[in-house]
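# Chains, contacts and geometry: an overview
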Amino acid sequence: MSPQWIVVIGLIAVIYFMFIKKRPQVKQDKKDSTDKTTKKEAQSNDMVACAECGIYCEIDDTILSNNKYYCSQECLKKS
Ligand SMILES: [Zn+2]
C-alpha cells in the first residue's frame, strides 16, 4: 500500500467520523426532547483547562486521562 492511499483513507475516516458525529444531534432535535438538548448544549460548551499547557478547550475536544484533561495528544505525551 502506497503512502498516498494511507492519506486518502485517513481523510475519508475523518470525514466519516465528522458525519457520524453530526447525525445524532439532528436526530435528538427531531425527537424534541427539550431537557436532553439543553443538557447536551451545556456539556458541549463546558471549557476545561489543559493539565499540561493550561489552554482552555471545549470539553468535547479534550482527551481525558487519569481524570485530567489534555488539549492534544502532544500534551498527553508530555505529562
Ligand atoms: Zn495542552
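Summary of the structure given here. (Residues numbered from 1 in each chain as written. Predicted model: local features only at pLDDT ≥ 70, side-chain atom pairs only at ≥ 80, totals over all residues.)

### Quick notes on the nonpolar core
Listed in full, the five residues of the largest apolar core are Ala 51, Tyr 69, Tyr 70, Cys 71 and Cys 75. If we skip the residues at most four places from it in the chain, Ala 51 touches Lys 68, Tyr 69, Tyr 70 and Ser 79. (Core = buried A, V, L, I, M, F, W, Y, C linked by C-beta atoms within 7 Å. Buried ≥ 20, exposed ≤ 12 C-beta atoms within 10 Å, placed from the backbone. Contact = placed C-beta atoms within 7 Å.)

### Considering unusual backbone geometry
Residue Asn 66 is not a glycine yet carries a positive backbone phi of 50°. Mapping Asn 66 onto the fold places it in the loop between β3 (63–65) and β4 (68–70). Judged by local crowding, Asn 66 falls into the exposed class, with 8 C-beta atoms found within 10 Å. In this model, Asn 67 sits at a positive phi of 65°, which is unusual for a non-glycine residue. By the C-beta count within 10 Å, which is 6 here, Asn 67 ends up exposed. (Helix = DSSP H or I, 4+ residues; strand = E, 2+ residues; numbered from the N terminus.)

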